[in-house]
Amino acid sequence: MISEKDFFNQDFATHGIIEKDDYQASCRVKAGWQAIQVRDDKNSAYIREKLRNLVYDMRDEYKQKNGHVKGIYALTDDCCKVPANTLKAIFNGKNALTRRILAKICVGYKLGVDRANEFFLLVDGALNLTNDFDYITYHALKDGDDIDSFIKEVYTYLKVDLSQSSR
């Protein structure tokens, strides 16, 4: 968790969740800053397959720790607060993987910063500590925060409600 003092002492270049606008070539960031893009299509089969593999790996880890199996959709809903219908739509290619959903999955599954950044690079660019949302996400990953604390922190500092987001 980030202290209020630490957060408000930062001089962020950008604010909010930065996602590449599919209809324009630019990002909502200050002039000159560009996200590192590895792939143009946030809905590519490659991204969906990497996410699917991650979710199945997390299910296998859960089984090893707890001795019983939990379905991938129920596990993702419990750990990451991502509803089953949202995850299914991403896996089926109906919805693209967004930065807000990816942040919830990475924090909820307690990925390390480096592993999470592999996914962020594929979606909208690596975590950027000059952005307030990315700053919160980075520290949640680094500190191993639980998903509820992360959602609360994002709402407290940015007034963005991730608890109800399905996109």
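Refer to the structure above for everything that follows.
Residues numbered from 1 in each chain as written. Predicted model: local features only at pLDDT ≥ 70, side-chain atom pairs only at ≥ 80, totals over all residues. Heavy atoms only, no water.

**Topic: the overall build of the protein chain**
In step 1: Along the protein chain, the regular secondary structure elements total 8 helices and 0 strands.
In step 2: Secondary structure elements in the protein chain, listed N-terminal to C-terminal, are α-α-α-α-α-α-α-α.
In step 3: For the protein chain, the proportion of its 167 residues judged to be buried stands at 46%.
In step 4: In the protein chain, of all internal contacts separated by at least 6 residues, the share reaching a separation of at least 24 is 64%.
In step 5: Of the roughly 8800 Å² that the protein chain leaves accessible, carbon and sulfur atoms contribute 46%. (Helix = DSSP H or I, 4+ residues; strand = E, 2+ residues; numbered from the N terminus. Buried < 20%, exposed > 50% of the residue type's maximum accessible area, 1.4 Å probe, protein only. Contact = heavy atoms within 4.5 Å. Areas by Shrake-Rupley, 256 points an atom, 1.4 Å probe, with all protein chains shown as cover.)

**Quick look at the pattern of salt bridges**
In step 1: With the rule as written, the count across this model stands at 5 salt bridges.
In step 2: Across the pair arginine 59 and aspartate 60 runs a salt bridge, and its minimum N-O distance is 3.2 Å.
In step 3: Residue classification places arginine 59 among the partly exposed positions, given a relative accessible area of 25%.
In step 4: A salt bridge links arginine 99 to aspartate 134; the shortest N-O distance between them is 2.9 Å. Of the two residues, arginine 99 sits in helix H5 (residues 99–108) while aspartate 134 sits in helix H7 (residues 132–143), which places them 35 residues apart along the sequence. When sorted by exposure, arginine 99 lands in the same class as aspartate 134, which is buried. (Salt bridge = Lys/Arg side-chain N within 4 Å of Asp/Glu carboxyl O.)

**Overview of the packing of helix H3 (residues 72–80) against helix H4 (residues 84–91)**
In step 1: Following both chains from N to C, one finds H3 and H4 inclined at 120°, their axes separated by 9 Å at the closest point. Of the possible angle classes, the one that applies to H3 and H4 is oblique. Classified by chirality, the crossing of H4 by H3 is right-handed. Two secondary-structure elements touch here, H3 through Ile72, Tyr73 and Thr76 and H4 through Ala84, Leu87, Lys88 and Phe91.
In step 2: Across the contact of H3 with H4, the residue classes tally to 5 nonpolar, 1 polar and 1 charged. (Axes fitted to C-alpha atoms, helices over the stretch in contact; angles between N-to-C directions. Parallel < 35°, antiparallel > 145°, perpendicular 65-115°, else oblique. Left-handed = near helix turned anticlockwise from the far one by under 90°. Nonpolar A, V, L, I, M, F, W, Y, C, P; charged D, E, K, R; others polar.)

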